[in-house]
Every structure is written in C-alpha cells, then in structure tokens.
Amino acid sequence: MKKFLGIMLLQIIVLVLVAGIPVKQGISVEEAKARVENSNTYICELIATTGPGWLIYKEEADEQGVMLEGKLPIDEIDENTFFYFVHNRFLITGEKVGVRIVDEEGNIENYYGEDAETAIKTIQDTDGRYECYDIFCVEDWDIITPIQRESIFAGVASDEYLNLFDFF
C-alpha cells in the first residue's frame, strides 16, 4: 500500500512540475495595446453567437464580429480547456481577406479579394436582408495575460504562460 501511495504521489508531483514548464509565454494587456497600434494587429476573443465566432477590436469601442481563418488559437490550444468555459483574449496579427454574407434564408457565401467588394455592392443594391461579416486571415497569435483555465491544472498552472497540458 505504501508503494502504491508513493507511486501516486510521484505521479502527481511530475504532473505539477510539467504544468510549470512554459511552452508559450503570454503578453500583458499593456504590451498588447502597444502592439495593436500596428496596422494589422488586433485584440480578439471568442464569442458565443449564431453569427460570427470572434469579436475583434483595436479599441473596445470599435468591437465587431468577424470570422477568423488561418492560424487560429482554437486550432492549437485544447478547446475544452480554454474555450466555451473561460474568457481569454488574444492578440492576433493578420488582415482582412474577404467577407461572409448570410442571406435571409440562412445561405452562407464567402467572398475574397475583388469578389468581396463586388458582393458588398451587390447586396447594398438589393431589398433583401443580409448579414455581412469581415473575414480575417490570422498569421500569428499570442494569448493575453492573465490566462484563465477550466481544467484540473487551473490551480497550479501559471496565469503568465501556456504549458504542455494546454495544447492537448
């Protein structure tokens, strides 16, 4: 019995130590705001709506719902730990590449490049109801501190960086 408890204690210690190894350093809110001054850098957060999946802004007063594609945090970080349960913000680098148009019947079309501008002009000339969201292509991302988690390691993991357990 003592051997079993010793092995269990050793496993717990190893897990806690691994949770303490940084894999991706978070950035402070101040650093994020300083980097947002760059023309293609934005703060974003995942939102729960029937429309766009992300809220993006340079200044909080200018928030807008957008679709993101490319190198997304949700594709790299364990979504059960970081999305849907907790509220984390990310700094993304990328640019607008198109628009998503949803018509009154729920049909979704994505338009890119010159087709996006033509599609916007076309829907402005119609009487139908449409929703239009910008599509941004993300080239890189950082997580803004403090990092919040919804996992068994939330109490022992640092709120300053992502660790190995955050990625699987």
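Residues numbered from 1 in each chain as written. Predicted model: local features only at pLDDT ≥ 70, side-chain atom pairs only at ≥ 80, totals over all residues. Heavy atoms only, no water.

1. Focus on the nonpolar core
Keep this limit in mind: Think of a nonpolar core as a cluster: buried Ala, Val, Leu, Ile, Met, Phe, Trp, Tyr and Cys residues, connected wherever their side-chain atoms sit within 4.5 Å. Partly exposed describes any residue whose relative accessible area lies between the buried limit of under 20% and the exposed limit of over 50%, with all areas from a 1.4 Å probe on protein chains only and scaled to the type maximum. Where helices and strands are cited, they refer to DSSP runs of H or I of at least four residues and of E of at least two residues respectively, numbered from the N terminus.
Grouped together as the largest cluster of nonpolar side chains are 17 residues, with contacts concentrated most on Cys44, Trp54, Ile56, Leu68, Phe90, Ile92 and Trp141. Listing elements by their share of this core, those giving two or more residues are strand 2 (41-46), strand 3 (54-57), strand 4 (64-70), strand 5 (90-103) and strand 7 (130-143). Of the residues forming this core, the biggest block, 4 residues, is contributed by strand 7. Ranked by size, the runner-up nonpolar core spans 7 residues in total, among them Ala32, Val36, Tyr57 and Leu91.

2. Some words on a nonpolar patch on the surface
Defined as follows: Each patch is assembled from residues with relative accessible area greater than 30% and no salt bridge, linking like charges that lie within 9 Å and nonpolar side chains (Val, Leu, Ile, Met, Phe, Trp, Tyr) that lie within 5 Å. All accessible areas in this document rest on Shrake-Rupley with a 1.4 Å probe, and a residue is counted as covered only by the protein chains that are shown. Any carboxyl oxygen of Asp or Glu that lies within 4 Å of a side-chain nitrogen of Lys or Arg is treated as forming a salt bridge with it.
Judged by side-chain polarity, Met1, Phe4, Leu5 and Met8 come together as a nonpolar surface patch covering roughly 460 Å² of accessible area. Turning to its location among the elements, Phe4 is positioned in helix 1 (residues 2-19).

3. So, the pairing of strand 6 (residues 108-112)
Just so we agree on the cut-off: Being paired, for any two strands, means DSSP has found at least two bridges between them.
One ladder, built from 5 bridges, connects strand 5 with strand 6; its direction is antiparallel. In the sheet register, Ile101 faces strand 6, and the bridge partner there is Glu109.

4. Focus: a negative patch on the surface
Defined as follows: Charged-residue counts in this description rest on Lys and Arg as positive and Asp and Glu as negative, His and the chain ends being excluded. Lys charges are placed at NZ, Arg charges at CZ, Asp charges at CG and Glu charges at CD.
A surface patch of like charges, here negative, comprises Glu37, Glu59, Glu60, Asp62 and Glu63. Along the chain, the position of Glu37 falls in the loop between helix 2 (29-36) and strand 2. With a relative accessible area of 70%, Glu37 lands in the exposed category.

5. Notes on the packing of aromatic side chains
Heads up, the condition is: Two rings belonging to Phe, Tyr or Trp (six-membered ring only in the last case) form a pair when the distance between their centres is within 6.5 Å. Interplanar angles under 30 degrees mark stacking, angles over 60 mark edge-to-face geometry, and anything in between is tilted. Charge-over-ring placement is defined geometrically: NZ (Lys) or CZ (Arg) within 6 Å of the ring centre, and within 35 degrees of the ring normal.
Within this structure, the stated rule accounts for 3 aromatic pairs. Both rings, one in Tyr42 and one in Phe136, keep their centres 5.2 Å apart while their planes meet at 75 degrees; by these two values the pair is edge-to-face. With Tyr42 in strand 2 and Phe136 in strand 7, this pair connects stretches of sequence that are 94 residues apart. Phe136 matches Tyr42 in its accessibility class, with the two residues each being buried. An aromatic cluster is defined as three or more aromatic residues linked by ring pairs; in this entry it consists of Trp54, Phe90 and Trp141. Looking at Lys58, its charged tip hangs above the ring of Tyr42, at a distance of 4.6 Å from the centre.

6. With respect to the confidence of the model for the chain
To keep it simple, the criterion reads: Each residue carries a pLDDT value, the predictor's own confidence for that position, ranging from 0 to 100.
Put simply, the chain has an average pLDDT of 86, and 94% of its residues get 70 or more. Ranking the helices and strands of the chain by mean pLDDT puts strand 4 first, with 94, and helix 4 (residues 79-82) last, with 68.

7. So, unusual backbone geometry
At the junction of Thr145 and Pro146, the peptide bond is cis and its omega measures out at 0 degrees in the coordinates. Relative to the assigned elements, Pro146 resides in the loop between strand 7 and strand 8 (161-163).

8. Digging into the pairing of strand 3
Burial of strand 3 is two-sided: the residues Trp54 and Ile56 facing one way and the residues Leu55 and Tyr57 facing the other way are all buried. In terms of strand pairing, strand 2 meets strand 3 through 4 bridges, oriented antiparallel. For Cys44, the partnering residue across the bridge sits in strand 3 and is Ile56. Examined bridge by bridge, strand 3 and strand 4 share 3 bridges and lie antiparallel to one another.

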